[in-house]
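# Fold and contact review
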2 protein chains.
Amino acid sequence: MSRVAVVGLGLIGGSMAASLRRAGHEVRGFDNLAVRTAVGMERGLIDAEAASLEDCVGASEIVILATPVPVILSLLPSIDTLAPKDALVVDTGSVKAAVVDMMGHLDRAERAIGGHPMAGTESSGPEVASADLLVNRTFALCPSARTSRESKDRAAALVLEMGSLPAFVEAGRHDDVVARTSHLPQLVSTALALCLEPDDRALIGPGIRGMTRLARSDARMWTEIVYLNRDSIAEAMRIFSRHFEELARTVEDEDMPALCEAMLSSNRAVAELDAGLPA
Amino acid sequence: MSRVAVVGLGLIGGSMAASLRRAGHEVRGFDNLAVRTAVGMERGLIDAEAASLEDCVGASEIVILATPVPVILSLLPSIDTLAPKDALVVDTGSVKAAVVDMMGHLDRAERAIGGHPMAGTESSGPEVASADLLVNRTFALCPSARTSRESKDRAAALVLEMGSLPAFVEAGRHDDVVARTSHLPQLVSTALALCLEPDDRALIGPGIRGMTRLARSDARMWTEIVYLNRDSIAEAMRIFSRHFEELARTVEDEDMPALCEAMLSSNRAVAELDAGLPA
């Protein structure tokens, strides 16, 4: 069992802490918001609360950086100095190219790897963190060119211990794919919520509630994510617009065979996504 | 307790039958697909299976038409003749103006009312019907100008017996609102599913899974619904496009303050939707 340092005790950091603690590791938590470490202690997500970044990572074997991405980028150089030489550093940011590029330039480049648990929800904070959040979820692992084979193995073992499914993927490719599978759905949900009128609440069914769930997400966190992956997201948005405008054309032109064909194609696309995925 | 005839034993008809049977009514079911009535009997959704439309509605006090909307339109004149004079006729179609207009011209116009339980899911068929599907769901009731006050009361009582929440709304207004709250989310989910590439399945999180759930819906049923409400839907799609294109502009222009402001507005829009809704 290892000494694990978790920096950033939001939904993801808190959930990983709880999961690794449940697996028997000794988890030390730090957050620059003291209330979050307090909640982490109270809810049993962490074994101990650190008074500073150095106190958190100074004696660790594994360091998990679970802050917003801009903070990960600003913390990496300090972590490189403060954490023991042989400690493995893994982050959890939703955008990977910038993080993994910086990791490749650290002194500990061999023992640093990008990570992204595909487990976020519209909620945030340690109050809703749970050891079960990561179970059966894909956990992307993005090595830099300098990440050692041993570090990849250690990271994959860590992911498996949390019940997640490691998926190794190049950082740039990760950012392209999540632009479609995570960032685009977020912006589509946002746009859909903006279409609603106050009086519409009289006629609300499960469809719209599910489709606007993501529109509850933290606006500032998402603005940062979108900025960091703006090129891939802009391209994903153009692709979506093309499909949506073609659907709108079928409605305007009363071209029902084309609409039905598009809906059947989308049936098939979702069925393909299901193939091989845990429920 | 009443004798209830349910015509059309899909997800909605089967669920209403089960709910009304649980409430103590005697439910007689009919579907032109014999396998559906068989499943209805096997799963205890109905008390008895009728051999024909006449056999189903001939001795009923309440008739529920839960077929696709085009079939409702073609059945209404026959029901008007076949059902007892004092029987109340309620339909469950997702588009109301055409149905309620025809209801207003029936001999039994005083005892006919449009209905729409806002409880559909991406699944269909009596295999997944459940008495609980309608609990705490809004059930729109759309009277014609000739529907009597007594019929409105009978319909509202029926809805309450199923645990649903009756919402009286004019049929044209209903169709405008559901274009935004039900039909637009369906088409947005369809367009989103069309953006996915087969290899994307490696990096799938809960966000995209939730946002493409509706893309599994029955393509032919939805093509009919879209056709019947095409004007309101075309307008809802134009509104969505404007919001989505403005979000895309903020990404292209790196206008992050405007993006954050839009996301905060969508946070508020969803919070307003929640106000007063059962969980």
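Look up: the structure comes first, before these words.
In this text the structure is predicted, and so the values were computed from the model without any measurement.

Parameters and conventions
Residues numbered from 1 in each chain as written. Chains lettered and ligands numbered in written order. Predicted model: local features only at pLDDT ≥ 70, side-chain atom pairs only at ≥ 80, totals over all residues. Heavy atoms only, no water. Least-squares fit on C-alpha atoms with pLDDT ≥ 70 in both. Contact = heavy atoms within 4.5 Å. Helix = DSSP H or I, 4+ residues; strand = E, 2+ residues; numbered from the N terminus. Buried < 20%, exposed > 50% of the residue type's maximum accessible area, 1.4 Å probe, protein only. Pairing = 2+ DSSP bridges. Buried area = accessible area lost by both parts, 1.4 Å probe. Salt bridge = Lys/Arg side-chain N within 4 Å of Asp/Glu carboxyl O. Phe/Tyr/Trp six-rings, centres within 6.5 Å; stacked < 30°, edge-to-face > 60°. Right-handed = clockwise from strand over helix to strand, strands pointing away. Axes fitted to C-alpha atoms, helices over the stretch in contact; angles between N-to-C directions. Parallel < 35°, antiparallel > 145°, perpendicular 65-115°, else oblique. Left-handed = near helix turned anticlockwise from the far one by under 90°. Nonpolar A, V, L, I, M, F, W, Y, C, P; charged D, E, K, R; others polar.

This part covers the relation of the copies chain A and chain B. Under the fitted operation, chain A is carried onto chain B by 0.0 Å of movement along the axis and a turn of 180 degrees, and the coordinates agree to an RMSD of 0.0 Å. Viewed as a symmetry operation, the transformation between the two copies matches a two-fold axis. If distances are taken from each C-alpha of chain A to the rotation axis, the shortest is found for Met211(A), at 2.8 Å. A shared binding surface is used by both copies, with 100% of the interface residues of chain A retained as interface residues in chain B.

Next up on the list: the environment of Val99(B). Residue and element names in this part refer to chain B. Looking at the secondary structure, you find Val99 in helix H5 (residues 97-103). With a relative accessible area of 0%, Val99 lands in the buried category. Separated by 112 residues in the primary sequence, Val99 and Met211 place their C-alpha atoms 31 Å from one another.

All right, on to the sheet that holds strand E4 (residues 62-65) of chain B then. Residue and element names in this part refer to chain B. The strand order across the open sheet formed by eight strands is E3-E2-E1-E4-E5-E6-E7-E8, and the pairing between neighbours is mixed. Sheet topology places strand E3 (48-49) and strand E8 (165-168) at the edges, where each strand pairs with a single neighbour. Looking at chain direction, strand E7 (residues 138-143) and E8 are connected through four bridges and run parallel. Bridging across to E8, Phe139 finds its partner in Pro166.

Below, the discussion takes up the interface of chain A and chain B. Accessible area lost when the parts come together is the quantity often used to give the size of an interface. Taken together, the 88 residues of chain A in the interface contact 88 residues of chain B. For the pairing of chain A and chain B, the buried interface totals around 8,300 Å² over both sides, and the portion due to carbon and sulfur atoms is 69%. At the surface where chain A touches chain B, the tally comes to eight salt bridges. For Arg180(B), the salt bridge goes to Glu197(A), with nearest N and O atoms at 3.6 Å.

Within this structure, the stated rule accounts for 34 salt bridges over all chains. In this structure, Arg249(A) engages Asp255(A) in a salt bridge whose closest nitrogen and oxygen atoms are separated by 3.1 Å. Classification of Arg249(A) by relative accessible area gives partly exposed; the value is 30%. Among the ionic pairs, Arg21(B) bridges to Asp47(B), the shortest N-O distance being 2.7 Å. With Arg21(B) in helix H1 (residues 11-22) and Asp47(B) in the loop between helix H2 (34-42) and E3, the pair connects residues that are 26 residues apart, well separated along the chain. A relative accessible area of 30% places Asp47(B) in the partly exposed class. When salt bridges with common partners are traced through the structure, they connect Glu246(A), Arg249(A), Asp253(A) and Asp255(A) into a single cluster.

In this section: the packing of aromatic side chains. Centre-to-centre distance and the angle between the planes together describe a pair of aromatic rings. Counting across every chain of the model gives five aromatic pairs over all chains. Measuring from centroid to centroid gives 5.8 Å for Phe240(A) and Phe244(A), while their planes differ by 15 degrees, and the two rings are stacked. Linking Phe240(A) with Phe244(A), this pair stays in helix H10 (residues 230-252), spanning four residues, or about one helical turn. The pair Phe240(A) / Phe244(A) is uniform in exposure class, with both members buried. Note on Phe244(A) and Phe240(B): the rings are 4.8 Å apart at their centroids and 50 degrees apart in plane angle, and the pair reads as tilted. Note that Phe244(A) is positioned in helix H10 and Phe240(B) in helix H10 (residues 230-252), a pairing that runs across two chains. Overall, the relative accessible area of 0% leaves Phe240(B) in the buried class. Taken together, Phe240(A), Phe244(A), Phe240(B) and Phe244(B) form an aromatic cluster joined through their ring pairs.

Residues and elements named next belong to chain B. In this structure, strand E1 (residues 3-7) lies alongside strand E2 (residues 26-30), joined through five bridges in parallel fashion. Of the residues in E2, the one forming a bridge with Val4 is Val27. The handedness of the E1 to E2 crossover, carried by H1, is right-handed. The pairing of E2 with E3 spans two bridges and is parallel. Paired with Gly29 across the bridge in E3 is Glu49. A crossover links E2 with its parallel partner E3, the connecting element being H2, and its sense is right-handed.

Right, let's talk about the environment of Ser148(B) for a bit. All names here are of chain B. Examined against the element boundaries, Ser148 turns out to sit in the loop between E7 and helix H6 (149-161). Ser148 gets classed as buried once you look at its relative accessible area, which sits at 18%. For the pair Ser148 and Ala5, spaced 143 residues apart in sequence, the C-alpha separation works out to 21 Å.

This paragraph deals with the packing of helix H11 (residues 256-274) of chain A against helix H9 (residues 219-228) of chain B. Relative orientation and spacing of two packed helices are given, respectively, by the angle between their axes and the distance between those axes. With their axes 9 Å apart at the nearest point, H11(A) and H9(B) run at an angle of 140 degrees to one another. Judged on the interaxial angle alone, H9(B) and H11(A) are oblique. The two elements H11(A) and H9(B) meet at a crossing, and its hand is right-handed. Together, Met256(A), Leu259(A), Cys260(A), Met263(A), Leu264(A) and Asn267(A) of H11(A) and Ala219(B), Arg220(B), Trp222(B), Thr223(B), Val226(B) and Tyr227(B) of H9(B) make up the contact between the two elements. Class assignment of the residues belonging to the contact of H11(A) with H9(B) gives a composition of nine nonpolar, two polar and one charged.

Let us look at the packing of helix H7 (residues 171-195) of chain A against helix H11 (residues 256-274) of chain B. Contact pair H7(A) / H11(B): the axes reach a minimum separation of 8 Å and the direction vectors enclose 60 degrees. In terms of their interaxial angle, H7(A) and H11(B) are classed as oblique. The two elements H7(A) and H11(B) meet at a crossing, and its hand is left-handed. Facing Gln186(A), Leu187(A), Thr190(A), Ala193(A) and Leu194(A) of H7(A), the residues of H11(B) in contact are Leu259(B), Ala262(B), Met263(B), Ser265(B), Ser266(B), Ala269(B) and Val270(B).

Shape descriptors only; they carry no functional weight alone.
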